[in-house]
Amino acid sequence: QQQVKQSPQSLIVQKGGISIINCAYENTAFDYFPWYQQFPGKGPALLIAIRPDVSEKKEGRFTISFNKSAKQFSLHIMDSQPGDSATYFCAASFSNTGNQFYFGTGTSLTVIP
Amino acid sequence: NAGVTQTPKFRVLKTGQSMTLLCAQDMNHEYMYWYRQDPGMGLRLIHYSVGEGTTAKGEVPDGYNVSRLKKQNFLLGLESAAPSQTSVYFCASRLDWGFVYGYTFGSGTRLTVV
């Protein structure tokens, strides 16, 4: 059973556009939601993370929007650049155990010039 | 500071062969993890360790064994490789609790079992 559902599977965006990736979860006990960015041949790298006590977190061009009632969170990449082309994974975790992140299935983002 | 180092980077095994994947971290992290990454399935946890001398099963532990004899090293073993274990394997480590406690991942090991 997939604990975290991610969509879309792939995304193509024009340079300068907004990329939006969505994730949904069922377990309301999750309390930490990170996003990871992975380039080909590399391991995933932490991009940005949020706790459910806030509805939005912004770091540069990257923003997480969190909707606790809908059990959904999304990553917005503003002014998308070709260098943002990568695979993005959302994840969820319980901070009281801290032992495992449950990952979404990933979104392959391509930003075309 | 190398972070998390995985060896080897690539390996081809024949069905039934055994091998060990090595993960080493130099950040004094307590927690270490082994994930496998398969197309369309994201990252799935195989085994993890919360400290030296400890190991625990994750979501997909069958066919794998692990050991954490030293804090900085976490070994993943395949006793009798099967084609279903063809995957990219990632090791990760994490320092401790706190708000920002994301993983640091290694660069992966691409394993093909023929």
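This write-up is about the structure you can find in this document. This one's a predicted model, so the numbers in the text were calculated from it and none came from an experiment.

1. As for the overall build of chain B
For chain B, the count of helices and strands is 0 helices and 11 strands. Counted from the first residue to the last, chain B has its helices and strands arranged as β-β-β-β-β-β-β-β-β-β-β. If one aligns the C-alpha atoms of chain B with their principal axes, the spans along those axes are about 40 × 30 × 25 Å. Relative to its 114 residues, chain B shows a buried fraction of 48%. For chain B, restricting intrachain contacts to residue pairs at least 6 apart in sequence, the fraction spanning at least 24 positions comes to 55%. Carbon together with sulfur atoms contributes 54% to the accessible area of chain B, which is approximately 5300 Å² in total. Side chains of chain B carry 11 positive and 8 negative charges; the gap between the two charge centres is 7 Å.

2. Regarding the state of the cysteines
A disulfide bridge is the covalent bond that connects two cysteines by way of their sulfur atoms. What the rule picks out here adds up to 2 disulfides over all chains. Here Cys23 of chain A is linked by a disulfide to Cys90 of chain A, with a sulfur-sulfur distance of 1.9 Å. Torsion about the S-S bond of the Cys23 of chain A and Cys90 of chain A cystine: about -95 degrees, corresponding to left-handed handedness. With a gap of 67 residues between them, Cys23 of chain A in strand S3 (residues 19-25) and Cys90 of chain A in strand S9 (residues 86-93) connect regions that are remote in the sequence. A sulfur-sulfur distance of 1.9 Å marks the disulfide that ties Cys23 of chain B to Cys91 of chain B.

3. Quick look at the interface of chain A and chain B
As a measure of interface size, the accessible area lost when the parts come together is often cited. Listed per partner, the contact involves 25 residues of chain A and 24 residues of chain B. Buried surface at the junction of chain A and chain B, summed over both partners, amounts to about 1900 Å²; 58% is from carbon and sulfur atoms. Our count for the contact surface shared by chain A and chain B stands at 0 salt bridges. Our enumeration of links across chain A and chain B arrives at 4 residue pairs in polar contact (both at pLDDT 80 or more). Of the residues forming the side of chain A that touches chain B, the biggest block, 3 residues, is contributed by strand S5 (residues 45-50) of chain A. Residue classes in the side of chain A that touches chain B are distributed as 10 nonpolar, 12 polar and 3 charged.

4. Remarks on the sheet that holds strand S7 (residues 62-67) of chain A
Residue and element names in this part refer to chain A. Taken together, 5 strands build an open sheet; the order of strands is S1-S3-S8-S7-S6 and the sheet is antiparallel. The open sheet has two free edges, formed respectively by strand S1 (4-7) and strand S6 (56-59), since each of these has just one partner strand. Ignoring strand direction, the axes of neighbouring strands in this sheet form an average angle of 15 degrees.

5. With respect to the pairing of strand S3 (residues 19-25) of chain B
All names here are of chain B. The side-chain alternation of S3 yields one buried face, formed by Met19, Leu21, Cys23 and Gln25, and one unburied face, formed by Thr20, Leu22 and Ala24. By the bridge criterion, 6 bridges tie S3 to strand S8 (residues 73-78) in an arrangement that is antiparallel. Paired with Met19 across the two strands is Leu78, which belongs to S8.

6. Remarks on unusual backbone geometry
Glycine aside, a negative phi is what most residues show, and trans is what most peptide bonds show. Cis geometry marks the peptide bond from Ser7 of chain A to Pro8 of chain A, where omega comes out at -5 degrees. Residue position: Pro8 of chain A is located in the loop between S1 and strand S2 (10-14). The omega torsion of the bond from Thr7 of chain B to Pro8 of chain B falls at -5 degrees, within 30 degrees of zero and hence cis. One non-glycine residue, Lys71 of chain A, adopts positive backbone phi at about 55 degrees. Positionally, Lys71 of chain A belongs in the loop between S7 and strand S8 (72-77).

7. Considering the side chain of Asp38 of chain B
Residue and element names in this part refer to chain B. Here Asp38 lies in strand S4 (residues 31-38). Judged by its relative accessible area of 11%, Asp38 falls in the buried class. Once residues within four sequence positions are removed from consideration, Asp38 is found in contact with Arg44, Thr86 and Ser87.

Conventions and cut-offs
- Residues numbered from 1 in each chain as written.
- Chains lettered and ligands numbered in written order.
- Predicted model: local features only at pLDDT ≥ 70, side-chain atom pairs only at ≥ 80, totals over all residues.
- Heavy atoms only, no water.
- Helix = DSSP H or I, 4+ residues; strand = E, 2+ residues; numbered from the N terminus.
- Buried < 20%, exposed > 50% of the residue type's maximum accessible area, 1.4 Å probe, protein only.
- Contact = heavy atoms within 4.5 Å.
- Areas by Shrake-Rupley, 256 points an atom, 1.4 Å probe, with all protein chains shown as cover.
- Lys, Arg positive; Asp, Glu negative; His and termini not counted.
- Charge placed at Lys NZ, Arg CZ, Asp CG, Glu CD.
- Disulfide = S-S within 2.5 Å.
- Buried area = accessible area lost by both parts, 1.4 Å probe.
- Salt bridge = Lys/Arg side-chain N within 4 Å of Asp/Glu carboxyl O.
- Polar contact = N/O pair within 3.5 Å; in protein donor to acceptor, adjacent residues only side chain to side chain.
- Nonpolar A, V, L, I, M, F, W, Y, C, P; charged D, E, K, R; others polar.
- Pairing = 2+ DSSP bridges.
- Axes fitted to C-alpha atoms, helices over the stretch in contact; angles between N-to-C directions.

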